[in-house]
Amino acid sequence: MNIVHSITDLRAALAPFQRPAFVATMGNLHDGHIALVDKAKPLGDVTVASIFVNRLQFAPHEDFDSYPRTWEADCDRLRAAGCDVLFAPRETDLYPEPQTYKVHPPAELADILEGHFRPGFFIGVSTVVMKLFSSVFAGKPAGFAVFGKKDYQQLMIVRRMVQQFALPMEIVPCYTLRAADGLALSSRNGYLSAPERSEAVQLSRALQALGQTVKTQGTAAREALEEEAMQALSRRGWKPDYLSVRRRSDLLPPDSGDIDTPLVVLGAARLGTTRLIDNLEI
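(A) Region of the structure containing the nonpolar core. Ranked by size, the top nonpolar core spans 45 residues in total, and within it Leu10, Phe22, Val129, Phe133, Phe147, Ile171 and Leu251 carry the most contacts. Per element, the largest residue contribution to this core is 10 residues, and it comes from helix α7 (residues 121-137). Apart from residues lying up to four places away in sequence, Leu251 is in contact with Leu109, Ile112, Leu113, Tyr152, Gln153, Met156, Arg246, Val264 and Leu266.

(B) Summary view of the pattern of salt bridges. Under the counting rule described, the total for this entry stands at 16 salt bridges. Salt-bridge contacts for Arg275 lead to Glu114; the nearest nitrogen and oxygen are separated by 2.8 Å. Residue Arg275 is found in strand β9 (residues 274-281), and its partner Glu114 is found in helix α6 (residues 114-117); the two are separated by 161 residues along the sequence. Of the charged contacts, one joins Asp278 and Arg178 as a salt bridge, the two residues approaching to 2.8 Å between their closest N and O atoms. Residue Asp278 is located in strand β9, and its partner Arg178 is located in the loop between β6 (170-174) and α9 (194-200); the two are separated by 100 residues in the primary sequence. Judged by its relative accessible area of 5%, Asp278 falls in the buried class. Taking the relative accessible area as the measure of exposure, Arg178 reaches 30% and is therefore partly exposed. Among the ionic contacts, a cluster of salt bridges with common partners joins Glu114, Asp241 and Arg275.

(C) Geometry of the packing of α7 against helix α8 (residues 152-164). α8 packs onto α7 with a crossing angle of 50 degrees between their chain directions and a minimal axis gap of 11 Å. Our classification of the angle between α7 and α8 gives oblique. Where α7 crosses over α8, the two elements pack in a sense that is right-handed. The residues of α8 that touch α7, namely those facing Phe122, Val125, Ser126, Val129, Met130 and Phe133, are Gln153, Gln154, Ile157, Val158, Met161 and Val162. Here the residues of the contact of α7 with α8 sort into nine nonpolar, three polar and no charged.

(D) Geometry of the sheet that holds β9. With antiparallel pairing, three strands are arranged side by side in an open sheet as β7-β8-β9. The sheet terminates laterally at β7 (239-247) and β9, the two strands that pair on one side only. Within the sheet, the average angular offset between the axes of one strand and its neighbour, ignoring direction, is 10 degrees. In terms of strand pairing, strand β8 (residues 263-271) meets β9 through eight bridges, oriented antiparallel. The residue of β9 that forms the bridge with Ala269 is Leu276.

(E) Highlighting the pairing of β8. The element β8 is largely enclosed, with a buried count of eight among its nine residues. The sheet contact formed by β7 and β8 spans eight bridges and is antiparallel. Residue Pro240 lies in a different strand from β8, and its bridge partner there is Ala269. Between the antiparallel neighbours β8 and β9 lie two residues, among them Gly272 with a positive phi of about 65 degrees.

The rules behind each value
- Residues numbered from 1 in each chain as written.
- Predicted model: local features only at pLDDT ≥ 70, side-chain atom pairs only at ≥ 80, totals over all residues.
- Heavy atoms only, no water.
- Core = buried A, V, L, I, M, F, W, Y, C linked by side-chain atoms within 4.5 Å.
- Buried < 20%, exposed > 50% of the residue type's maximum accessible area, 1.4 Å probe, protein only.
- Helix = DSSP H or I, 4+ residues; strand = E, 2+ residues; numbered from the N terminus.
- Contact = heavy atoms within 4.5 Å.
- Salt bridge = Lys/Arg side-chain N within 4 Å of Asp/Glu carboxyl O.
- Axes fitted to C-alpha atoms, helices over the stretch in contact; angles between N-to-C directions.
- Parallel < 35°, antiparallel > 145°, perpendicular 65-115°, else oblique.
- Left-handed = near helix turned anticlockwise from the far one by under 90°.
- Nonpolar A, V, L, I, M, F, W, Y, C, P; charged D, E, K, R; others polar.
- Pairing = 2+ DSSP bridges.

Keep in mind that these numbers describe shape and distance, not what the molecule does.
So, in structure tokens, the structure goes:
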């Protein structure tokens, strides 16, 4: 595996190839990340991963400095998965000057759900993803970038960004990988204590129960059902930000008549000091 740090060296490493398949990560890799690499490998003529903890998407009170960094283990996992090129820029490589030009996704998509509770988060995400795409795909006629469905809103925002900027690439979604008990794999699961880890699966179970109830009772009762689901989690000691049923197409609340509209249930809640997110298509 070729490890490069500068954009110049990355482009030199990718010069012989025409269709990169790319996976962007912040490191601290788990099986979910490796599933993205496995999905990417057959798509292009070179498999590229990045590791970069992006300061722009962290609010001042969030865990940028304490975000787990496991460089050697990450490199070992990527090598074993057959990754060809690892782009691991330093902050000065990706942001050699203050990043005053930023990508602002539309408020109706980016300021709801995660964006409501983490203001500016998707500006930071969109900006770094655009810069990574520019670094990997510049001069290429085609390419692929694989993103996990666990970050459902992020996936939608990035896909629309690629469409609107006519980038020469395709966004490929990948299923959410889960532990045996149903907990979605996440780097932040490592923050959980043993009792919290046992409890953490209740978020996915709450989403499943909410989705099943909405399918049974219909979307007219959606808001009341969402509130009941949040209260049920609260009684277990969680601090939920949202449990919400939305249309898959635009993440807006479904109308009462949206009987056959494809829906997704999304949730975010804090267990102890750890904030977890998950979703379930219904």
